[in-house]
Amino acid sequence: MTTKLFGEPVRRREDARLITGRGRYLDDLGAGALAAAFVRSPHAHARILDIDVSAALDVDGLVAIYTWEDLPGALAEPLPLLIPHPALTHGRTAYPLAREIVRHVGEPVVMVVARDRYVAEDACALIRVDYEIRKPVVGVEEAVRGVHLVHEDVPGNVGAHLVQEVPGPGGVTAREVIEAAPHRLEFRLDIERSASMPLEGRGVYARWDADDGSLRVYSSTQTSTSVRMAIAARLGLPLPKVEVIAPDVGGGFGVKIVHPWPEELLVPWAARLLNREVKWTEDRREHFVSSSHERGQVQHVRVGFDDDGRVLGLDVEILHDHGAYTPYGIIVPIITSTQLLGPYKVGAYRVEFSSVYTNTVQVTPYRGAGRPQGVFCMERTMDRIAAHLGKDRTEVRAANFIQPHEFPYDQGMTFQDGRPLIYDSGDYPEALRMLKELIGWDDFPAMKAAAAAEGRRLGIGVGCYVEGTGVGPYEGGHVQITSDGRVHVSTGLTSQGQGHETVFAQIAATELGVPIEKVSVVTGDTRRFGYAVGTFASRAAVMSGNAIALACRKVREKALRIAAEALEADPRDLEITDGMVHVAGVPSASIPLATVAVLSNPLRYAFDEEAQRATQFAGPASGDRPPVAEGEEPGLEGRGYYSPVRSTFAAGMHAAIVETDPDTAEIKILRYAVVHDCGKLINPMIVEGQIHGGVAQGVGGALYEKMAYDEHGQLLNASFMDFLMPYATEVPRIETAHLETPSPLNPLGIKGAGEAGVIPVSAVIASAVEDAEGIPITGMPISPSDLYALRRSR
Amino acid sequence: MNETRHRVTLTVNGVVREATVPGRRLLSDCLRHDLGLTGTHVGCEHGVCGACTVLLDGEPVRSCLTLAVTVDGHEITTVEGLARDGEPSPVQRAFAECHALQCGFCTPGFLCTLTAFLRDNPAPTEEEALEAVAGNLCRCTGYQNILKAVHRAAELQAEEGGA
């Protein structure tokens, strides 16, 4: 069948505009709009004594200056705490503009609106803010000492504390099991901060229509529907009078799921107040100091195991650095705590985290969202056990795997969606077998020895993970076939480069039996679809993909019903091929979907020849039935929602071969292999691309990226010159193999793929470097100078 | 505080364009906001990411590190000018074919850089191709498909007779 496109490497429909400079990113919109710029705190912790704007008032082109004092009503309140949790006893969020206290370098204090950005920044430079500097809290260990406080009313700087305990057989606690275990190990791990760092920063552009009393806002966001609700609530506008559109978005990776950012409220507010279009485009330094970071944790691990390397008990204490505020709740440490278990059966498990405030940029999910830290912990543990027992590292992992016949497998915990942590499907032994074959695991010792004979140091590493994807609560899709035969698909969640226009079109074309050229897809535009959650947690394909499929099935059913009447056939005998509804095996008995769309909407007025067919005198009609039958609606369209009972669990295993320079301690990745299982693939080309990009970010986190805060809370590397993201020269060629264990939880059998690539990379590289060097690797990232220092300290 | 403004005349994508700009106006801002050519993107404004790369008299430059007044009278090619007769260029086609872009924000910089590179070196080795793209940041693709696209573009260019 020509229209079966699900599973095919269909080329992206986004690309035609993006390769010719016709993309429409946030700052490409709103020519002539006023520009906003912000005075941001230069101090990590300070009290604002005075703000003197007088020198700025003479700047030619200045339009307005706002401080917290100017903000009305709900806009003057702290920003929302998006995901409350009972363990987050001391959640704190920032004000849109600082009120009295600043708690990190980069916190916005004053907003300036001017003719253009140059002028707005001129005015910012002339505004004097007097600060009384306070002692900043930097680093989690400094934070838990609690000598100095980030928030005066948060004792010990602890925002949240959560203990989760999964007892072993007979209700024995993990700590008891560990005490009684044949073997015990105890160690500490350190993971640095990194950040999403999309090439396009955040941005907001607002148009107020005074005549209509309505607001249109464009934002470089991962959730336009929720930004819309936040704006309506904080500006006191009726929801139908606010529309939010995510245009082309230049990457997100998590940072753009946070909302409403101060600028997402302030820019629309100013646009309305001034009755002028206003735009703010984040610059790179602003992104470093005023958006979000992630990853930073210290972990204390205790493990008890048997002679085969089976984990009998695991006890992990996590200090999680939350930065200055907790707008996104404690999702990151919850994910670390739960996804730490990976593909393994752990006899008894105890995990405790303290999420602490520091005077640094807030921490919210970055691709992987706490998983890389959890996987680093578990995989370092597996390697330690193997080293202790003198066993092959893959053998220890295999001894702990959940087996294929044990699904659904209940880990006995509560996942980030508030639902039980139950894995739906997977085949971990097979994935490991494929990985070992792909990287040549069993041949490596010979390779290593041969290299050693030439004075070269090689090491091989492995890392496994399980990723809960496609979290609820829901997504929806709307599908409409118009009388020209075109198929219009919309869904509320947003796109940041994942190719949703392509994969959703593949799904619609396959479900409806139409050529993909007839299908157009709109995402993230509340004018088209108002109910949505957003794009995060590798959920877009699972959630909106299934919702669109369900919407298509409704439309298909209706199309067959109408066509059956026109063809005087039984709907069960009908098929749709290439946009034609026909009797199976009888291509001549057919009717185009375009005509079905015409017939679906009884008309009084014809506007073209095709439409005449649906008018009231056009054909024989039953005089005793209403033109739109009871229970029917005009039009060939349908809406579908997909709301899963719980997440679906993708998995993967990576391996790498690295070479370390005996003199300079440089680390080079010679080979990188990925076995990936995200259930059924909609578009293998796009899934591969997601893996490549994820691994590249993982390599950044493993070897290069960190946020270098000094003791004053100054971010010393807040530029691309000093924060080292991988260029092409730093990313190895990635070899991939796919395993498909379909999800039984959703109609399409798919699992998410967006974050997968990044998750185990730090663990894999640590494993490989440790193998090459014979030195325990306990922190990430590891730079040549770190490795050099480790060698010297032996 | 009124700034002195300067009239500059640029030939952008073969079309003579004029703008009146202050001395401090970046070429990237001039192209994007004065001339409405928003295909050139700004990723860092300090010359590291390469998203803003355009061709100045045929050679790649960072338009975010170039003042518009300094290129008065020169020829600029932006991503909007790479297609010929409405047909995407070999480099553009190769990027789409090889899935060498995801969010597309960095893509115009890669396309401009590689257009100049493949003009000067129509049959690059692996090493040369890697070197050619190593001055541009991409946060989405992991570069593997970009490297593939360099070679594919070279093939397409050769098929068109090195045009």
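The structure presented is a predicted model; accordingly, all values stated were derived computationally and were not measured.

Student: Where do I start with the overall build of chain A in this structure?
Tutor: Within chain A one finds 19 helices and 29 strands. For chain A, whose C-alpha radius of gyration is 28 Å, the value lies close to the compact-globule estimate of 28 Å for 794 residues. Across its three principal axes, chain A shows a C-alpha extent of roughly 90 × 70 × 55 Å. A total of 794 residues make up chain A; the buried ones form 58% of that total.

Student: I keep staring at the sheet that holds strand β28 (residues 734-738) of chain A and nothing clicks. Help me out?
Tutor: Through backbone hydrogen bonds, the strands of a sheet pair up, either in parallel or in antiparallel fashion. Residue and element names in this part refer to chain A. On the basis of which strands lie adjacent, the open sheet formed by four strands has the order β18-β26-β27-β28 and mixed pairing. If you trace the sheet from one side to the other, it starts and ends with β18 (457-469) and β28, each paired once. Strand-to-strand twist in this sheet, taken as the mean axis angle between neighbours without regard to direction, amounts to 15°. Sheet analysis places strand β27 (residues 667-677) next to β28, joined by five bridges and oriented parallel.

Student: Is there a simple way to explain the domain arrangement of chain B in this structure?
Tutor: In many analyses, interface size is given as the accessible surface area lost on bringing the parts together. Residues and elements named next belong to chain B. If you check the domain split of chain B, you get domain 1 (5-81) and domain 2 (90-159). When each unit is reduced to the centre of its C-alpha atoms, the spacing between domain 1 and domain 2 is 22 Å. Every contact between the two is made by 17 residues of domain 1 and, on the other side, 12 residues of domain 2. Elements with a minimum of two residues in the side of domain 1 that touches domain 2: β3 (53-56) and β4 (59-62). By residue number, the principal contributor to the side of domain 1 that touches domain 2 is β3, which donates three residues. Of the residues contributing to the side of domain 1 that touches domain 2, the split by class is eight nonpolar, eight polar and one charged.

Student: Even after reading the chapter, I still don't get the sheet that holds strand β2 (residues 15-22) of chain B, so can you show me in this structure?
Tutor: Residue and element names in this part refer to chain B. Taken in spatial order, the five strands make up an open sheet running β2-β1-β5-β3-β4, and their pairing is mixed. Only two strands of the sheet have a single neighbouring strand rather than two, namely β2 and β4. Adjacent strand axes in the sheet meet at a mean angle of 40°, parallel and antiparallel pairs treated alike. Relative to strand β5 (residues 75-77), β3 runs antiparallel, the two sharing two bridges. Residue pairing across strands places L56 opposite I76, the latter belonging to β5.

Student: Sorry if this is basic, but what is going on with the interface of chain A and chain B here?
Tutor: Chain A puts 46 residues into the contact, and the matching count from chain B is 47 residues. It is helix α17 (residues 684-704) of chain A that contributes the most residues to the side of chain A that touches chain B, six residues altogether. Residue composition of the side of chain A that touches chain B, by class: 20 nonpolar, 13 polar and 13 charged.

Student: Teacher, can you tell me more about the domain arrangement of chain A here?
Tutor: Segmentation of chain A into domains returns domain 1 (32-134 + 202-249 + 255-290), domain 2 (163-194 + 293-471 + 645-792) and domain 3 (472-642). For domain 1 of chain A versus domain 2 of chain A, the distance between C-alpha centres works out to 37 Å.

Student: Can you help me understand unusual backbone geometry in this one?
Tutor: What you tend to see is this: most non-glycine residues have negative phi, and most peptide bonds are trans. Between A:H259 and A:P260 the backbone carries a cis peptide bond, its omega angle lying at -20°. As for its placement among the helices and strands, A:P260 is situated in the loop between β11 (242-245) and α6 (262-274). Here the residue pair A:F407 and A:P408 is connected by a cis peptide bond, since its omega of -5° sits within 30 degrees of zero. The phi torsion at A:M197 lies on the positive side, around 55°, for a residue other than glycine. Assessed through the 24 C-beta atoms surrounding it within 10 Å, A:M197 is described here as buried. A positive phi is found at B:E45, a non-glycine position, where the angle reads about 60°. Within the fold, B:E45 resides in the loop between α1 (27-34) and β3.

About the thresholds
Residues numbered from 1 in each chain as written. Chains lettered and ligands numbered in written order. Predicted model: local features only at pLDDT ≥ 70, side-chain atom pairs only at ≥ 80, totals over all residues. Helix = DSSP H or I, 4+ residues; strand = E, 2+ residues; numbered from the N terminus. Rg over C-alpha atoms; globule rule 2.2 N^0.38 Å. Buried ≥ 20, exposed ≤ 12 C-beta atoms within 10 Å, placed from the backbone. Pairing = 2+ DSSP bridges. Axes fitted to C-alpha atoms, helices over the stretch in contact; angles between N-to-C directions. Domains from an automatic or database assignment. Contact = placed C-beta atoms within 7 Å. Nonpolar A, V, L, I, M, F, W, Y, C, P; charged D, E, K, R; others polar.

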